[in-house]
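A structural walkthrough
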Amino acid sequence: MAKTGLFNLERHFAFYGAYHSNPINIAIHTLFVWPIFLTAILILYFTPSLFNLPPIEVSLPGNSNLVLILNLGFLGTLLYAVFYVCLDARAGSLAALLCFVCWVVSSYLANLMGFSLAWKVVLAAQLVCWTGQFIGHGVFEKRAPALLDNLSQALLMAPFFVLLEVISEQNFQLFVYFFSCWVTKDRYIATVGFCRLYKPFLVTNHTQGSTLQFKQR
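Scoring rules and cut-offs
- Residues numbered from 1 in each chain as written.
- Predicted model: local features only at pLDDT ≥ 70, side-chain atom pairs only at ≥ 80, totals over all residues.
- Heavy atoms only, no water.
- Helix = DSSP H or I, 4+ residues; strand = E, 2+ residues; numbered from the N terminus.
- Buried < 20%, exposed > 50% of the residue type's maximum accessible area, 1.4 Å probe, protein only.
- Phe/Tyr/Trp six-rings, centres within 6.5 Å; stacked < 30°, edge-to-face > 60°.
- Lys NZ or Arg CZ within 6 Å of the ring centre and 35° of its normal.
- Core = buried A, V, L, I, M, F, W, Y, C linked by side-chain atoms within 4.5 Å.
- Axes fitted to C-alpha atoms, helices over the stretch in contact; angles between N-to-C directions.
- Contact = heavy atoms within 4.5 Å.
- Nonpolar A, V, L, I, M, F, W, Y, C, P; charged D, E, K, R; others polar.
- Parallel < 35°, antiparallel > 145°, perpendicular 65-115°, else oblique.
- Left-handed = near helix turned anticlockwise from the far one by under 90°.

Examining the overall build of the chain
- Scanning the chain for helices and strands turns up six helices and six strands.
- Going from the N terminus to the C terminus, the chain shows its helices and strands as α-α-β-β-α-α-α-α-β-β-β-β.
- Here the chain holds 217 residues, and 41% of them are scored as buried.

Some details on the packing of aromatic side chains
- Applying the stated rule across the entire model yields eleven aromatic pairs.
- For the pair Phe-83 and Tyr-84, a centre-to-centre distance of 5.9 Å together with 50° between the ring planes defines the contact as tilted.
- Taking the relative accessible area as the measure of exposure, Phe-83 reaches 6% and is therefore buried.
- For Tyr-84, a relative accessible area of 0% puts it in the buried group.
- Members of the aromatic cluster, connected to one another through ring pairs, are Trp-34, Phe-37, Tyr-80, Phe-83, Tyr-84 and Phe-160.
- Geometry around Tyr-19 places Arg-143 over its ring, the cationic atom sitting 4.1 Å from the centre.

Some details on the nonpolar core
- Formed by 40 residues in total, the largest nonpolar core has its most connected members in Phe-13, Trp-34, Phe-37, Tyr-84, Leu-87, Met-157 and Phe-160.
- At the level of elements, α1 (9–17), α2 (23–44), β2 (64–68), α3 (72–87), α4 (89–113), α5 (115–141) and α6 (151–169) are the ones that each hand at least two residues to this core.
- The element best represented in this core is α6, accounting for nine residues.

Description of the packing of α2 against α3
- Axis separation between α2 and α3 bottoms out at 7 Å; the angle between their running directions is 145°. Residue-level contacts link Phe-37, Ile-41 and Leu-44 of α2 to Leu-72, Gly-73, Thr-77 and Tyr-80 of α3.
- Residue composition of the contact of α2 with α3, grouped by class: five nonpolar, two polar and no charged.

Thoughts on unusual backbone geometry
- Even without a glycine there, the phi angle at Asn-52 is positive, about 55°.
- Looking at where Asn-52 falls in the secondary structure, it is placed in the loop between α2 and β1 (56–60).
- Within the chain, Lys-142 stands out as a residue other than glycine whose phi angle is a positive 55°.
- Along the chain, Lys-142 turns up in the loop between α5 and α6.

Points about the packing of α3 against α4
- It is at 7 Å that the axes of α3 and α4 come closest, and there the two elements cross at 170°. In terms of their interaxial angle, α3 and α4 are classed as roughly antiparallel. When the axes of α3 and α4 are compared, the crossing they make is right-handed. Contact residues: α3 offers Gly-73, Phe-74, Thr-77, Leu-78, Tyr-80, Ala-81, Tyr-84 and Val-85, while α4 offers Ala-89, Gly-92, Ser-93, Ala-95, Ala-96, Cys-99, Phe-100 and Trp-103.
- Its residues placed into classes, the contact of α3 with α4 shows twelve nonpolar, four polar and no charged.

All we've got here are geometric facts, nothing functional implied.
Okay, structure coming up:
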């Protein structure tokens with residue numbers, strides 16, 4: 001059964017994909033989106049533990065320890081991971097794994113640098129990555145970023161979107177149908193554009209009050 005609302009994968013990509021069609025802009029996002037996520041989690045490492053939960057200490061080679069704190073950084077990672085798995089079990093599981101890898105790596109870097117250095121590194125990384133993406137939109141896409149129209153949806157979908165782009169380039173047969181749609185008083189009009197997504201689908205375009213039907217081959 002098709003998912004609706006918050007967990008409707010096709011509609012999320014209809015929105016996000018409409019802002020990312022230029023290959024150079026997509027490449028820029030592929031390079032910069034996950035570092036934005038990682039460095040955001042990194043700075044949240046310095047927030048207090050939730051409900052005074054004890055930290056998790058992991059011994060590393062060289063007589064050093066990795067301290068994982070169950071704080072806002074962990075909570076943000078968990079929310080992203082659960083959201084992606086709900087969108088799609090298989091591709092979402094890979095995205096969730098990458099989210100937790102970012103959490104562990106950012107925790108290690110935070111332990112290594114300390115707050116006095118970490119906030120400077122995070123600030124520089126965020127400035128470089130966001131500037132690169134705005135250049136991608138302004139110079140190559142020639143369209144304002146998706147976050148200007150829907151900030152929460154754009155931030156949620158960006159890591160998953162670029163992951164699928166990378167996977168599709170590796171011939172994993174991920175295909176997407178990006179569609180834009182609008183509603184008039186008496187009919188539902190949908191325009192369908194072919195792109196890459198998780199599985200091959202057949203698309204039927206209905207115009208008299210119905211919705212797009214996605215059927216697996």
